[in-house]
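Summary of the model geometry
What follows is each chain in one-letter form.
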Amino acid sequence: MSETPSSSKKFLRALQGDVQDVPPIWFMRQAGRYLPEYRETRKEAGSFLDLCYSPDHAVEVTLQPIRRYGFDAAILFADILVIPDALGQPVRFEEGIGPVLEPVTTPAELAKLNGSKVRERLAPVFETLRRLSKALPEETALIGFAGAPWTVATYMVGGRGSPDQAAAKLWAFRAPDEFQVLIDLLVEATGDYLLAQVEAGAEAIQLFDTWAGSLPPSHFERWCVEPVRRIRARLAKEAPDVPVIAFPRGAGPNYPGYFKVTGVSAVSLDTGLSPEWARDNVQTLGPVQGNLDPLLVVAGGEEMRIAAARIIEALRGGPFIFNLGHGIVPQTPPEHVADLVDFIRSYR
Ligand code: 1CP
């Protein structure tokens with residue numbers, strides 16, 4: 001944590017440890033299907049991956065929520081699954097199912113993946129970032145991101161989203177040395193990818209470990225904490241000024257240990273932690289972001305405002321960024337997002 005926060009951007013100042021009366025705001029999945037203008041651009045772009053790999057369209061959808069709500073940070077529009085795609089495991093997104101990949105389940109299939117082409121294959125993503133850093137308002141920070149190795153591995157091994165991540169867990173439990181090869185490949189490729197994002201203009205990085213909560217405590221350290229610690233250490237060396245936020249969703253009582261051992265700059269709090277517990281056990285270690293339940297934004301009204309006020313009251317005494325505890329869902333009424341942003345910005 002820096003003693004003298006120096007950035008002109010509220011979001012970056014919070015990550016430097018600055019305590020602010022009105023917290024900076026951004027929302028996970030702030031670009032997406034709940035916005036009519038997103039659905040329009042998505043139709044134009046063709047497939048979901050075409051949208052991710054078309055800088056014209058990806059810049060447009062990144063900017064849409066900034067224009068509407070004036071969030072303090074924009075997050076690059078892409079997906080965590082562009083990494084398997086770049087490693088040579090093609091990904092497609094099917095309507096009503098989500099991502100579909102040919103599962104990687106053996107050392108022979110693993111050996112066919114190639115980590116040397118990440119920069120080349122993801123060149124359109126870097127172009128999107130270069131254009132965004134010119135197009136964004138002066139006060140808006142630009143966030144780059146990737147999935148954490150464990151979460152990306154659950155999709156690579158399972159071949160799609162699953163309720164329990166059983167395929168990846170079973171591989172990790174039955175043949176940890178084989179599974180380690182996959183994790184090592186992802187640590188390396190993700191580090192390369194994020195450093196290229198920083199070169200292209202990303203001012204902060206978020207690592208999404210959506211399925212961190214599916215590992216038992218006996219295996220959390222090896223498959224969640226250690227890979228993120230390694231990526232963070234590499235970024236700290238090669239891009240020392242760029243803060244890294246991690247989102248170990250479902251980590252529960254492991255949040256404080258995860259924060260300390262990984263050495264990340266901040267953590268994103270899921271919906272399961274009370275803001276008072278997070279204040280006493282997590283924010284004592286550094287800046288936090290979170291943790292309103294996204295379905296409260298679907299419901300809107302008084303219930304949403306009461307929960308938002310409780311989070312602000314609990315966390316604004318330390319470095320804090322207002323966010324949700326998981327991504328905005330497609331059925332969210334855009335007016336409720338506007339109400340929430342007004343409420344947070346006028347709350348005293
Ligand atoms: O139909 C559509 O238009 C596709 C919906 C969609 C969108 C808008 C997907 C498919 N990905 C995205 C964009 C996205 N994904 C962003 C950038 C936009 C933003 O935040 O504003 C980011 C950061 C992600 C990250 C992501 N993708 C995560 C981690 C965060 C989280 O929400 O937990 C995960 C798990 C994914 C995988 C993924 N991509 C898309 C879907 C439907 C899924 C989930 C699959 C599943 O497990 O069911």
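Every chain is numbered on its own, with residues counted from 1 as its sequence reads. Residue-level local features of this predicted model are given only where pLDDT is at least 70; pairs of side-chain atoms are given and counted only at 80 or more, and the full residue set underlies all totals for whole chains, interfaces and linings. Note that water and hydrogens are dropped before the side-chain values are worked out from all heavy atoms of the structure.

1. A word on the overall build of the protein chain
This is how the line gets drawn: Only DSSP runs of H or I reaching four residues or more are called helices, and only runs of E reaching two or more are called strands; each is numbered from the N terminus. Our radius of gyration looks at C-alpha atoms and nothing else; its globule reference is 2.2 Å times the residue count to the power 0.38. Throughout this description, buried means an accessible area under 20% of the type-specific maximum (1.4 Å probe, protein chains only), exposed means over 50%, and partly exposed covers the range between. Neither His nor the chain ends is counted toward charge; the positive residues are Lys and Arg and the negative residues Asp and Glu. The atoms used to mark charge sites are NZ of Lys, CZ of Arg, CG of Asp and CD of Glu.
When helices and strands are tallied, the protein chain shows 17 helices and 9 strands. Computed over its C-alpha atoms, the radius of gyration of the protein chain comes to 19 Å, within 12% of the 20 Å expected for a compact globule of 348 residues. Going through the 348 residues of the protein chain one by one, you find that 58% of them count as buried. With 35 positive and 43 negative side-chain charges, the protein chain shows a spacing of 1 Å between the two charge centroids.

2. Notes on the pattern of salt bridges
Inclusion rule: Salt bridges, as used here, are contacts in which a Lys or Arg side-chain nitrogen is within 4 Å of a carboxyl oxygen on Asp or Glu.
Counted by the stated rule, this structure contains 21 salt bridges. Residue aspartate 18 pairs with arginine 13 through a salt bridge whose shortest N-O separation is 3.2 Å. The partly exposed category is assigned to arginine 13, whose relative accessible area is 22%. The residue aspartate 72 makes a salt bridge to arginine 345 at a minimum N-O spacing of 3.0 Å. Highlighted residues: aspartate 72 in the loop between helix H4 (55-69) and strand S1 (73-75) and arginine 345 in helix H17 (residues 334-346), separated in sequence by 273 residues. Taking relative accessible area as the criterion, aspartate 72 reaches 9% and is therefore assigned buried. One network of salt bridges, with partners in common, ties together Asp56, Glu127, Arg130 and Arg131.

3. Quick notes on the pairing of strand S2 (residues 91-94)
Here is the rule: At least two DSSP bridges between two strands are needed for those strands to be called paired.
Here S2 pairs with strand S3 (residues 98-101) via 4 bridges, running antiparallel. Along S3, the bridge assignment pairs phenylalanine 93 with proline 99. Connecting S2 to the next strand, S3, in antiparallel fashion are 3 residues, including glycine 96 with a positive phi near 80 degrees.

4. Overview of the site of the ligand
How we decide: Neighbouring residues are identified by heavy atoms, a residue being near a molecule or strand if any of them is within 4 Å of it. Whenever a nitrogen or oxygen atom comes within 3.5 Å of another N or O atom, the pair is scored as a polar contact, on the condition that within protein one atom can donate a hydrogen and the other can accept it, and that pairs from neighbouring residues in sequence are kept only if both atoms are in side chains. In these tables, accessible area is a Shrake-Rupley quantity obtained with a 1.4 Å probe, and a residue counts as shielded only by the protein chains included in the view. For this classification, the nonpolar set comprises Ala, Val, Leu, Ile, Met, Phe, Trp, Tyr, Cys and Pro, the charged set comprises Asp, Glu, Lys and Arg, and every other residue, Gly included, is treated as polar.
In the vicinity of the ligand there are 21 residues, among which Tyr38, Asp79, Tyr155, Thr210 and His326 approach most closely. The contact in question runs from an oxygen atom of the ligand to an N or O atom on the backbone of glutamine 30, over 3.1 Å. In this structure, an oxygen atom belonging to the ligand sits 2.6 Å away from a side-chain N or O atom of tyrosine 155. Bound to the protein, the ligand loses 88% of the 910 Å² it would expose on its own. Residue composition of the shell around the ligand, grouped by class: 13 nonpolar, 4 polar and 4 charged.

5. As for the packing of helix H16 (residues 301-315) against H17
Basically, it comes down to this: Convention adopted: a line fitted to C-alpha atoms gives each axis, helices being fitted over their contacting stretch, and angles between N-to-C directions are expressed from 0 to 180 degrees. Here a crossing is called left-handed whenever its near helix is offset anticlockwise from the far helix by less than a right angle, and right-handed whenever the offset is clockwise. The contact criterion used throughout is that any non-hydrogen atoms of two residues lie within 4.5 Å.
Where H16 contacts H17, the axes come no closer than 11 Å and their chain directions differ by 40 degrees. When you trace H16 past H17, the crossing you get is right-handed. Contacts between H16 and H17 pair Met304, Arg305, Ala308, Ala309 and Ile312 from the former with His336, Asp339, Leu340, Phe343 and Ile344 from the latter. Of the residues that constitute the contact of H16 with H17, the class distribution is 7 nonpolar, 1 polar and 2 charged.

6. Things to note about the side chain of threonine 41
Along the chain, the position of threonine 41 falls in helix H2 (residues 36-45). The class of threonine 41 is buried, set by a relative accessible area of 6%. If sequence neighbours within four positions are ignored, threonine 41 has contacts with Leu51, His57, Glu60, Val61 and Gln64.

7. With respect to helix H13 (residues 255-262)
The line we're drawing: The arc in question is the one spanned by the directions pointing from the helix axis to the C-beta atoms.
Regarding H13, the residues found buried are Tyr255, Pro256, Tyr258, Phe259 and Thr262. Viewed along the axis of H13, the buried residues span an arc of 165 degrees, placing them on a single side of the element. Those residues of H13 that are buried lie in contact with helix H12 (217-238), strand S6 (244-248), strand S7 (266-268) and helix H14 (275-281). Backbone geometry just downstream of H13 places glycine 263 in the positive-phi region, at approximately 75 degrees.

8. A word on the packing of aromatic side chains
We count it as follows: Side-chain rings of Phe, Tyr and Trp (the six-membered ring for Trp) are treated as a pair once their centres are within 6.5 Å; stacked means planes under 30 degrees apart, edge-to-face means over 60, and tilted covers the remaining angles.
Summed over the entire model, instances satisfying the criterion amount to 15 aromatic pairs. On the basis of an interplanar angle of 55 degrees and a centroid distance of 6.0 Å, the ring pair of phenylalanine 126 and tyrosine 193 is categorised as tilted. Here the residue phenylalanine 126 occupies a position in helix H8 (residues 123-135), and tyrosine 193 occupies one in helix H11 (residues 176-199), the gap between them amounting to 67 residues. You'll find phenylalanine 126 and tyrosine 193 in the same group, each marked buried. On the basis of an interplanar angle of 70 degrees and a centroid distance of 5.9 Å, the ring pair of tryptophan 150 and phenylalanine 179 is categorised as edge-to-face. Residue tryptophan 150 is found in helix H9 (residues 149-158), and its partner phenylalanine 179 is found in helix H11; the two are separated by 29 residues along the sequence. Comparing tryptophan 150 with phenylalanine 179 shows no difference in burial state: the two are buried. Of the aromatic side chains, those joined through ring pairs into one cluster are Phe27, Tyr69, Phe71, Phe320 and Phe322.

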